[in-house]
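# Residue-level structural notes
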Amino acid sequence: QATARLGARSDDWSRAVAVASLLRQRGRLQGGLDDVLRAESVLNAAFSVAPDGGGPVLARAALHLSLHRLLAAQADLDGVAARAFRTTSQAQTLASLQASLALQRGELDAAEDGYRAQEAAGRSPGTAVGLAQVAWARGRYAEADQWFVTSGERYHGIFKEPIVWAHLQRGLLDLDRGRPAD
């Protein structure tokens, strides 16, 4: 339904970002690839109507990261970083995605530095999740658990998926540290 409505406003690529985000979220929730690939199709169509050098580059980079397409994500992030002008929101999103990319590459120092800088600039659920993932990867389980709790406390959106996901991560963390009953 959302993609049909988007077709009626095909000249507005910013709407494509919202639709792609919802499709990606539904794909994560259902564990299927179809919605994620549909999100990619929506973003690709958005580039066809965006002005030269514009379009949903950060949204596409996030999609690439969720599919572990690290080289493609890096190319998008490098392109945004090279721009002379970025809004504050774009700069924050860029920093977040760069830290996520570093984490996926196993570059824990760069990831932790990125997430700590974001935390100092403004606390968010996403920053707490990033710090939790870094702490977990470094074997700092109690710290990771606290960051996952913090991420849930910081989230005030209408969709409950982020809170449920944080609880799931805490369960997986308990399994990882040999506490299956917790």
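Below: a short report on this structure. (Residues numbered from 1 in each chain as written. Predicted model: local features only at pLDDT ≥ 70, side-chain atom pairs only at ≥ 80, totals over all residues. Heavy atoms only, no water.)

## Notes on the overall build of the protein chain
The following threshold applies: A run of H or I in DSSP counts as a helix once it spans at least four residues, and a run of E counts as a strand once it spans at least two, with each numbered from the N terminus. With the radius of gyration taken over C-alpha atoms, the globule rule is written as 2.2 Å times the number of residues to the power 0.38. When a residue's accessible area, from a 1.4 Å probe over protein chains only, is under 20% of the maximum for its type it is buried; when over 50% it is exposed; and in between it is partly exposed. The accessible surface values rely on the Shrake-Rupley method and a 1.4 Å probe; as for residues, cover is taken only from the protein chains in view. Charge convention: Lys and Arg are scored as positive, Asp and Glu as negative, and His as well as the terminal groups of each chain are ignored. Charged groups are reduced to one reference atom each: NZ for lysine, CZ for arginine, CG for aspartic acid, CD for glutamic acid.
Across its full length, the protein chain carries 10 helices and zero strands. Taken from the N to the C terminus, the helices and strands of the protein chain come in the order α-α-α-α-α-α-α-α-α-α. Radius of gyration (C-alpha) of the protein chain: 17 Å, near the 16 Å computed for a compact globule of 182 residues. The burial tally for the protein chain puts 34% of its 182 residues in the buried class. Carbon together with sulfur atoms contributes 54% to the accessible area of the protein chain, which is approximately 10,200 Å² in total. Of the charged side chains in the protein chain, 21 are positive and 20 negative; the average position of the first set lies 4 Å away from that of the second.

## Things to note about a nonpolar patch on the surface
Condition: Here the term patch refers to residues with relative accessible area over 30% and no salt bridge, with like charges joined within 9 Å and nonpolar side chains (Val, Leu, Ile, Met, Phe, Trp, Tyr) within 5 Å. Whenever a carboxyl oxygen of Asp or Glu lies within 4 Å of a side-chain nitrogen of Lys or Arg, that contact is scored as a salt bridge.
The grouping of Leu22, Ile158 and Phe159 at the surface amounts to a nonpolar patch, some 330 Å² of accessible area in total. Inspection of the secondary structure puts Ile158 in the loop between helix H9 (141-154) and helix H10 (161-176).

## A word on the environment of Ala20
What counts here: Only heavy atoms enter the contact rule, under which two residues are in contact if any of them lie within 4.5 Å.
Positionally, Ala20 belongs in helix H2 (residues 13-30). In this structure the C-alpha to C-alpha distance between Ala20 and Leu172, which are 152 residues apart in sequence, comes to 28 Å. When neighbours within four sequence positions are excluded, Ala20 is seen to be in contact with Ala39, Val42 and Leu43.

## Quick notes on the packing of helix H3 (residues 34-49) against helix H4 (residues 57-66)
Inclusion rule: Only the stretch in contact is used when a helix axis is fitted, and all axes are lines through C-alpha atoms; the angle between N-to-C directions ranges over 0 to 180 degrees. Throughout, the term roughly parallel applies to angles under 35 degrees, roughly antiparallel to angles over 145, roughly perpendicular to angles from 65 to 115, and oblique to all others. Each crossing gets its handedness from the near helix: less than a right angle anticlockwise from the far helix is left-handed, clockwise is right-handed. Put simply, Ala, Val, Leu, Ile, Met, Phe, Trp, Tyr, Cys and Pro go in the nonpolar bin, Asp, Glu, Lys and Arg in the charged bin, and everything else, Gly too, in the polar bin.
Running from N to C, H3 and H4 cross one another at 155 degrees; their axes reach a closest spacing of 10 Å. As far as their axial angle goes, H4 and H3 are roughly antiparallel. For the pair H3 and H4, the sense of crossing is left-handed. Facing Val36, Ala39, Glu40, Leu43 and Phe47 of H3, the residues of H4 in contact are Val57, Ala59, Arg60, Leu63 and His64. Residue classes in the contact of H3 with H4 are distributed as seven nonpolar, one polar and two charged.

## Let's talk about helix H6 (residues 88-104)
Defined as follows: To estimate how far a helix should extend, the number of its residues minus one is multiplied by 1.5 Å.
Look at H6: 24 Å from first C-alpha to last across 17 residues, which is about the 24 Å you get at 1.5 Å a residue. Of the positions making up H6, those classed as buried are Leu94, Leu97, Ala99, Leu101, Ala102 and Leu103. Those residues of H6 hidden inside the fold are in contact with H4, helix H5 (70-82), helix H7 (108-121) and helix H8 (125-137). Where H6 ends, the next residue or the one after it, Gly106, has phi of about 80 degrees, a positive value.

## Focus: the packing of aromatic side chains
Centre-to-centre distance and the angle between the planes together describe a pair of aromatic rings. As a reminder, the rule being used: Only Phe, Tyr and Trp rings are paired, with Trp represented by its six-membered ring, and only when their centres lie within 6.5 Å; those with planes under 30 degrees apart are stacked, over 60 edge-to-face, the remainder tilted.
Summed over the entire model, instances satisfying the criterion amount to two aromatic pairs. With a centroid separation of 6.1 Å and an interplanar angle of 85 degrees, the aromatic rings of Trp136 and Phe148 are classed as edge-to-face. Taken together, the positions of Trp136 in helix H8 and Phe148 in helix H9 put the pair 12 residues apart, joining distant regions of the chain. Like Trp136, the residue Phe148 is buried in the burial classification. Their ring planes at 75 degrees and their centres at 6.1 Å tell us that Phe148 and Trp165 sit as a pair that is edge-to-face.

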